[in-house]
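Observations on chain architecture
Okay, here's what each chain looks like letter by letter:
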Amino acid sequence: GESVGLHLPTLSVQEGDNSIINCAYSNSASDYFIWYKQESGKGPQFIIDIRSNMDKRQGQRVTVLLNKTVKHLSLQIAATQPGDSAVYFCAEKYSGSRLTFGEGTQLTVNP
Amino acid sequence: GAGVSQSPRYKVAKRGQDVALRCDPISGHVSLFWYQQALGQGPEFLTYFQNEAQLDKSGLPSDRFFAERPEGSVSTLKIQRTQQEDSAVYLCASSPTFSDTGELFFGEGSRLTVL
């Protein structure tokens, strides 16, 4: 069946470095992708989204890249800060309004 | 309030008890979702409302799970005869649009522990 998964369950970076979190998806019919950040004890927080007719979208310190050829999604965080430490989920939408989430990557930023 | 509010934040139930989890979405948001998040996993879809209409309940794991949103605002997720496998965080999310956007605004969740 279709699934959304992450290559790396954990990622540890130094403060100030750039972070890259990867995600693979398997449903070619997915037309909308979102990255969420979830801190401990809180609900997921929207970071950035991208539609399938785009291959790149930039926000404040974050960039999402979409490669439909290999069904790959990545989140780049520039100048990572301790406050960026959290679990990051990618999610896809391909069936009505339902979002399908991946398993998440734990990002740890070392001061 | 400014965000999605869920109550209770923590609930401990004995196996076989019924529980009710409440969600107050952001005022005016037409779409409301319930997700279940097991420890260390991503959220999994349970059900979706557009105003008071439950348009998708395909994610509900069994007939012990029931959700309602009678007036198109507050929603309640009810779990009957709880089982240990029901232990999870139940997340509610709302959206101002009719589902075309994925920008869901999540509450902090209700953590259910079934003993």
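A brief look at the structure comes next.

Analysis parameters
Residues numbered from 1 in each chain as written. Chains lettered and ligands numbered in written order. Predicted model: local features only at pLDDT ≥ 70, side-chain atom pairs only at ≥ 80, totals over all residues. Heavy atoms only, no water. Helix = DSSP H or I, 4+ residues; strand = E, 2+ residues; numbered from the N terminus. Contact = heavy atoms within 4.5 Å. Salt bridge = Lys/Arg side-chain N within 4 Å of Asp/Glu carboxyl O. Buried < 20%, exposed > 50% of the residue type's maximum accessible area, 1.4 Å probe, protein only. Disulfide = S-S within 2.5 Å. Pairing = 2+ DSSP bridges. Polar contact = N/O pair within 3.5 Å; in protein donor to acceptor, adjacent residues only side chain to side chain.

**Describing the side chain of A:Asp84**
Here A:Asp84 lies in the loop between strand S8 (72-77) and strand S9 (86-95). Not counting chain neighbours up to four residues away, the residues in contact with A:Asp84 comprise A:Lys37, A:Arg61, A:Ile77, A:Ala79, A:Leu107 and A:Val109.

**A look at the pattern of salt bridges**
Residue and element names in this part refer to chain B. Under the criterion given, the structure shown has seven salt bridges over all chains. Residue Arg9 is joined to Glu108 by a salt bridge in which the shortest nitrogen-to-oxygen separation is 2.9 Å. Placement of Arg9 in the loop between strand S1 (5-7) and strand S2 (10-13) and of Glu108 in the loop between strand S10 (105-106) and strand S11 (110-114) is noted, with a sequence separation of 99 residues between them. For Arg9, a relative accessible area of 28% gives the class partly exposed. The closest approach of N and O atoms between Arg22 and Asp24, which form a salt bridge, is 2.7 Å. The exposure class assigned to Asp24 is partly exposed, which follows from its relative accessible area of 24%.

**Notes on unusual backbone geometry**
Residue B:Pro8 follows B:Ser7 across a cis peptide bond; omega there is -5 degrees. If you trace the backbone, B:Pro8 turns up in the loop between S1 and S2. Even without glycine at this site, A:Arg61 takes up a positive phi of about 65 degrees. Here A:Arg61 is to be found in the loop between strand S6 (56-58) and strand S7 (62-67). Under the relative-accessibility criterion, A:Arg61 is labelled partly exposed at 31%. One non-glycine residue, A:Lys71, adopts positive backbone phi at about 55 degrees. Structurally, the position occupied by A:Lys71 is in the loop between S7 and S8. Overall, A:Lys71 belongs to the partly exposed group, its relative accessible area being 27%.

**A few points about the state of the cysteines**
All names here are of chain A. All chains considered together, the criterion is met by two disulfides over all chains. Between the sulfur atoms of Cys23 and its disulfide partner Cys90 the distance amounts to 1.9 Å. With the S-S dihedral at roughly 50 degrees, the linkage between Cys23 and Cys90 falls on the right-handed side. Of this pair, Cys23 sits in strand S3 (residues 19-25) while Cys90 sits in strand S9, placing them 67 residues apart in sequence. Of the two residues, Cys23 and Cys90, both sit in the buried class.

**Let's talk about the pairing of strand S9 (residues 88-95) of chain B**
Residue and element names in this part refer to chain B. Burial runs high along S9: eight of the eight residues are buried. Neither face of S9 is exposed, since Ala88, Tyr90, Cys92 and Ser94 on one face and Val89, Leu91, Ala93 and Ser95 on the opposite face are all buried. One ladder, built from seven bridges, connects strand S4 (residues 31-37) with S9; its direction is antiparallel. Across the sheet, residue Tyr35 finds its bridge partner in S9, namely Leu91. Sheet topology note: the S9/S11 ladder contains three bridges and is antiparallel. Looking across to S11, one finds that Tyr90 is bridged to Ser110.

**Remarks on the interface of chain A and chain B**
Contacts between the two partners involve 18 residues from chain A and, on the opposite side, 23 residues from chain B. Where chain A meets chain B, there are one salt bridge. Residues B:Asp56 and A:Arg98 are paired through a salt bridge, measuring 3.7 Å at the closest nitrogen-oxygen approach. Our count for the chain A to chain B interface comes out at five residue pairs in polar contact (both at pLDDT 80 or more).

These figures come from the coordinates and say nothing about function on their own.
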